[in-house]
Amino acid sequence: MRLYHGTNKRGIEVLEPQQADHDRPYIYLTAMEVVAAFYLCNAVQRPYYWFPYGFTEEGMSVYHRCPA
């Protein structure tokens, strides 16, 4: 199985756990390339952030644009 990791850091050769908002370091991976790409589009910065994607009832990924 191929797994994807969305990041805006260039030149990563080894993924290492980073401190998450859950009080422990994590590495987040997904089997869906488009979901990894969505993590590059974090619409609202910490601590009031959300990831602007979801899924239809059929399982298709959907990007929700931020209101202007």
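So, here is what we can say about the structure in this document.

About the thresholds
- Residues numbered from 1 in each chain as written.
- Predicted model: local features only at pLDDT ≥ 70, side-chain atom pairs only at ≥ 80, totals over all residues.
- Heavy atoms only, no water.
- Phe/Tyr/Trp six-rings, centres within 6.5 Å; stacked < 30°, edge-to-face > 60°.
- Buried < 20%, exposed > 50% of the residue type's maximum accessible area, 1.4 Å probe, protein only.
- Patch = residues over 30% accessible without salt bridge, like charges linked within 9 Å, V, L, I, M, F, W, Y side chains within 5 Å.
- Areas by Shrake-Rupley, 256 points an atom, 1.4 Å probe, with all protein chains shown as cover.
- Salt bridge = Lys/Arg side-chain N within 4 Å of Asp/Glu carboxyl O.
- Helix = DSSP H or I, 4+ residues; strand = E, 2+ residues; numbered from the N terminus.
- Contact = heavy atoms within 4.5 Å.
- Polar contact = N/O pair within 3.5 Å; in protein donor to acceptor, adjacent residues only side chain to side chain.

Describing the packing of aromatic side chains
A full pass over the atoms with the stated rule returns one aromatic pair. Ring plane angle 25° and centroid distance 5.8 Å describe the contact between Y26 and Y28, whose orientation is recorded as stacked. According to the relative accessible area criterion, Y26 is partly exposed, its value standing at 32%.

Some points on a nonpolar patch on the surface
Together, M1, L3, I12, L15, I27 and L29 give the surface a local cluster of nonpolar side chains, amounting to about 590 Å² of exposed area. Looking at where M1 falls in the secondary structure, it is placed in the segment before strand 1 (18-19).

What to know about the environment of Y26
When you line up the elements, Y26 lands in strand 2 (residues 25-26). Sequence separation of Y26 and E16 is 10 residues, and the distance between their C-alpha atoms is 8.0 Å. Contact partners of Y26, with chain neighbours within four places excluded, come to P17, Q18 and A20.

Focus: the side chain of T30
By the secondary structure assignment, T30 is in the loop between strand 2 and helix 1 (33-38). Overall, the relative accessible area of 17% leaves T30 in the buried class. Polar contacts involving the side chain of T30 include one to the main-chain amide nitrogen of M32, which spans 3.1 Å. Beyond its immediate chain neighbours, meaning those up to four positions away, T30 contacts R2, L3, Y4, V35 and A36.

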